[in-house]
Amino acid sequence: MSDRPIRIPIEAELDLHAFAPRDIPSVVAEYVEAAAEAGLREVRLIHGRGRGVQRGIVQAALDHHPRVVEFWDDPAAHLGATIARLAAGT
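Residues numbered from 1 in each chain as written. Predicted model: local features only at pLDDT ≥ 70, side-chain atom pairs only at ≥ 80, totals over all residues. Heavy atoms only, no water.

Quick one: what's the story with the environment of Ala 60, residue by residue and with numbers?
Mapped onto the elements, Ala 60 comes out in helix α2 (residues 53–64). The spacing of Ala 60 and Val 28 is 32 residues in sequence and 9.9 Å in space, taken between C-alpha atoms. (Helix = DSSP H or I, 4+ residues; strand = E, 2+ residues; numbered from the N terminus.)

Take a look at the structure:
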C-alpha cells in the first residue's frame, strides 16, 4: 500500500454518508474549495434525511465558507441534500 495521496476527481455532487460526523465540516470546506478551483459554480451535498443533524452540520459549514454565495435544500431530495452556489475560483 502506498503512502501517496489518492486523487479523487471533483464532481458536482458529494455523498457525505461515508464520512464520520466529526469530519463533515472539514470535508465540506475542502470540497467547496476544490470545487470552486475546478470551476464548478453549483454543487450538491448529500447528507441524508434522518433527524437533521448532518444537514445542520453541512449547512453551518457552508454558511461559514467564503466561497459559498448561497445554499438551499434540494427540493427533489426532501431535505436529504443541500445545493450550494459558489463564487468563482481564483
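Resuming the write-up.
For the pairing of strand β4 (residues 81–86), give the residues involved together with the corresponding values.
Here β4 lies mainly inside the structure; five of its six residues are buried. By the bridge criterion, five bridges tie strand β2 (residues 42–46) to β4 in an arrangement that is antiparallel. Paired with Arg 44 across the bridge in β4 is Ile 83. In this sheet, β4 lies alongside strand β3 (residues 68–73) in antiparallel orientation, the contact comprising five bridges. When the sheet's bridge partners are listed, Val 68 is paired in β4 with Leu 86. (Buried < 20%, exposed > 50% of the residue type's maximum accessible area, 1.4 Å probe, protein only. Pairing = 2+ DSSP bridges.)

A description of the packing of helix α1 (residues 24–37) against α2 should follow, citing residues and the corresponding values.
When two helices pack together, their arrangement is captured by the angle between the axes and the distance separating the axes. Relative orientation of the contacting elements α1 and α2 amounts to 45°, with a least axis distance of 9 Å. Here α1 is positioned oblique relative to α2, judged by the angle of their axes. Crossing geometry of α1 relative to α2 is assigned as right-handed. Facing Ile 24, Pro 25, Val 28 and Val 32 of α1, the residues of α2 in contact are Gln 54, Ile 57, Val 58, Ala 61 and Leu 62. (Axes fitted to C-alpha atoms, helices over the stretch in contact; angles between N-to-C directions. Parallel < 35°, antiparallel > 145°, perpendicular 65-115°, else oblique. Left-handed = near helix turned anticlockwise from the far one by under 90°. Contact = heavy atoms within 4.5 Å.)

Help me get a handle on the pattern of salt bridges, residues and values and all.
Going through the model one piece at a time under the given rule, you end up with seven salt bridges. Close ionic contact of Arg 85 with Glu 42 constitutes a salt bridge, the shortest N to O distance being 3.3 Å. With a gap of 43 residues between them, Arg 85 in strand β4 and Glu 42 in strand β2 connect regions that are remote in the sequence. Classification of Glu 42 by relative accessible area gives partly exposed; the value is 38%. Overlapping salt bridges bring together Glu 13, Arg 44 and Asp 74 as one network. (Salt bridge = Lys/Arg side-chain N within 4 Å of Asp/Glu carboxyl O.)

Any link to function would need more than the numbers given here.
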